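# Understanding the architecture of this molecule
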Amino acid sequence: MQLIYLYIDNYCSFQKAEFNFSQNIRIQHHPENSALLEVEDQPSRLPEQFWGENISNLNVVIGNNGAGKTSLMQYLLDLFLEAHGGRRASGQGIVIFGEADTLYGYYNRNWEGPMREIQMKSKCYKRMQWLSHKQDVQENLGRTKLIYLTNALSMRDSRRSQWYNGNRFAPLYDCSTGNLLASNIERDVNQSMRRGPMGGAEMEAYFLYEQYKQIKFVFDRRQHQICEKLKKKKFPVPVPKALYIDLLMGYRLSIVESDTEIEIGMDQLSAVLDEADGGFNATDSTLFLRKQLNRCALWCAVRSILRCLSRREREILGKYLVTWKVDSGKGPYQYVEIFQEIWDITEQIKKKQETYGKEKDKIQDWKWLRRCHRYYVEYFEFIESEKIEEHFRVDSESWKMLIEHPGGEELTFTVDTSDAEWFMKFIQKYRYICNPDYFLDFRWGLSSGENSLLSMFASFYYIFNADFTNKKNGDYRILNHFEEKKENVQCDSVILLIDEADLTYHPEWQRKFIALLTTFLPQVYPVQCCRNIQIILSTHSPILLSDVPQENVIYLKYDSQSHSTVVDHSEHTGTFGQNIHLLFKDSF
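Starting afresh in each chain, residues are numbered from 1 along the sequence in its written order. The predicted origin of the model limits local features to residues at a pLDDT of at least 70 and limits the giving and counting of side-chain atom pairs to 80 or more, whereas totals for whole chains, interfaces and linings rest on all residues. Hydrogen atoms and water are omitted, and side-chain values are computed over all heavy atoms in the structure.

### Some details on the side chain of Asp220
Helix and strand definitions here come from DSSP, where helices need a minimum of 4 consecutive H or I residues and strands a minimum of 2 consecutive E residues; each element is numbered from the N-terminal end. By secondary structure assignment, the location of Asp220 is in the loop between helix 6 (201-218) and helix 7 (221-232). It turns out Asp220 is buried and unbridged, and the closest side chain with the opposite charge, Arg222, is 6.5 Å from it. Within the structure, Asp220 has its side chain in polar contact with the side chain of Tyr461 (distance 2.6 Å). Relative accessibility thresholds used throughout: buried, under 20% of the residue-type maximum; exposed, over 50%; partly exposed, between the two (1.4 Å probe, protein chains only). Residues scored as positive are Lys and Arg, those scored as negative are Asp and Glu, and His as well as the terminal groups of each chain are ignored. The term salt bridge refers to a side-chain nitrogen of Lys or Arg lying within 4 Å of a carboxyl oxygen of Asp or Glu. Nitrogen and oxygen atoms within 3.5 Å of one another constitute a polar contact, given that in protein one can donate a hydrogen and the other can accept it, and given that sequence-neighbouring residues count only through two side-chain atoms.

As structure tokens, this is what we get:
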């Protein structure tokens, strides 16, 4: 399935604007009959598979600031979502897709004029089918995934997340920064604990989820091999050799309400753990790391338990923690035993107490957390049994700093990205116990441009349901989930929209961006899982434009006389391989 045509009758600065996105066919209003759409073949000057094995076409939208590049992207999103049963799109418009020999069109619900007649002059397409119901759309467009990326922060993207869940299984996979900032915090089960007088909860949740997406991508062996090959071809691909991990030992989420008993109890528990651990040992960094990985997980468990307790129940648990003493005759404490003691006393408290009124939701929270009990046990047992010194290396400078300042709250260690199988076992157990109440912070030591590329690659890869680190879990499939039918539909087409594609990239990287994108996409979305990829991007960069044939460029121009944006069909300087100064003067 390909996006063929968009008509905007009235939206923002667009008035009766037509856009063609196919290199083989052209659709336009008849010059003498505005109610008639002509469909004609357009011989392509580009050879087959010019952009890649399964990339059907690539278009670049350019224009001055305020010409409407982002508005064009937004209207495409609005029409697509309305067709799938979402909110009514503003203005009036038509969108047409094509597959095999059939065109599929959709009028938005604001359309007031007569339905357009179709005059077929095409040998490629024989039929036109208008999609008037959501069921028609899902049946015919259900195997198409629309992906939207932009690093520009937009209120429209944030507001869209309030009514549309653009996750990786939705027909629109919304990777815009605005949507991720708003939606990630809603997925955060501890969001109420994160919110403080200074705010910042949205940013924290955004970066936490972004870190996991990148880890999932980098530690996939197949994706790592792809990036290595691209690196050898002189593409600016980030290929991290190691992951830097900061253990946040003093990281505690504030309690929802101020509970003196709990605060004192937590301090008492900390003192008990210090005594049980034998104090700080400056000679064994691995032993210290193991203890702190356990202790931070225990704090995480306690915080999750507190979230499930009423005020009265928290007071009882706090009194229990205050009176906790180390049993010196018991021998070394195992953290799994400490966790189990706290869990058992919580179970007793929940059985004895009755919950009333607004706090009845605590009962459901506890039922949910009880299902996670085994994950905590598995994590503690994993940390105790594994030879973590064979996988984690404590950073010498960080350790030296901690020795000099024993009260420090951070410790840095690293893991090689080649140690994929073991680390993914660890990260899975870690995420199960703290999702998303993290006590580890991850970084690669990359520049902002490298991190932007890695983020884009990770977003592409995150669309897959399973982790493929060892090629053991499932296969590469892109899915659309339709809630009404309670079913997943396997996609065979991807339409990729990238707004402001040049943001954050060095000019040399902009020069290679198109080549990198069209080389990478057929490998992350091989033909076995995606028969067709279509790319539409906007840019301010003449450097990026020099890699695109002129017929694949859509020029937007704001007409000051009509106060509207028009598609500029006048003669332009050839773009492919053109001098950058001429491109800038002609097109921007």
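Structure shown, so let's carry the discussion forward.
### Remarks on the pairing of strand 16 (residues 479-482)
In this structure, strand 16 lies alongside strand 17 (residues 487-490), joined through four bridges in antiparallel fashion. The residue of strand 17 that forms the bridge with His481 is Asn488. At least two bridges found by DSSP between two strands are what make those strands a pair.

### Overview of the sheet that holds strand 3 (residues 25-30)
Reading across the sheet, the three strands line up as 3-4-8 and stay open at both edges, with mixed pairing between neighbours. Looking along the sheet, the strands with just one partner apiece sit at the ends: strand 3 and strand 8 (117-121). When the angles between neighbouring strand axes are averaged without regard to direction, this sheet yields 20°. Relative to strand 4 (residues 33-41), strand 3 runs antiparallel, the two sharing six bridges. Opposite Gln28, over in strand 4, you have Glu38 as the bridge partner. As a rule, the C-alpha atoms of each element are fitted with a line to give its axis, helices using only the stretch in contact, and angles between N-to-C directions run from 0 to 180 degrees.

### Examining the sheet that holds strand 13 (residues 393-394)
The strands making up a sheet are joined through hydrogen bonds of the backbone, oriented either antiparallel or parallel. As summarised here, the arrangement of the four strands in space is 13-14-12-15, forming an open sheet in which the pairing is antiparallel. Of all the strands in the sheet, just strand 13 and strand 15 (440-443) have a single pairing partner and so form its edges. In this sheet, strand 14 (residues 410-416) lies alongside strand 13 in antiparallel orientation, the contact comprising two bridges. Looking at strand 14, one finds that Val394 is bridged to Phe413. Here a residue-residue contact requires only that any non-hydrogen atoms of the pair lie within 4.5 Å. Contacts from helix 14 (residues 396-404) reach strand 13 and strand 14, with the element oriented near 160° to strand 14. Along the sheet, helix 15 (residues 420-434) makes contact with strand 12 (242-248), strand 14 and strand 15, crossing strand 15 at roughly 135°.

### What about the side chain of Arg160?
Of note, Arg160 is situated in helix 3 (residues 155-160). The class of Arg160 is buried, set by a relative accessible area of 3%. A distance of 2.7 Å separates the side chain of Arg160 from the side chain of Asp157, its partner in a polar contact. Ignoring sequence-local partners within four residues, the contact set of Arg160 consists of Gln74, Leu77, Leu81, Tyr148, Leu172, Asp174 and Ser176.

### A short note on unusual backbone geometry
Of note in the backbone geometry, Lys234 takes a positive phi value of approximately 75° without being a glycine. Within the secondary structure, Lys234 is located in the loop between helix 7 and strand 12. Although it is not a glycine, Thr504 adopts a positive phi angle of roughly 75°. On the basis of relative accessible area, Thr504 is assigned to the partly exposed category, the value being 45%.

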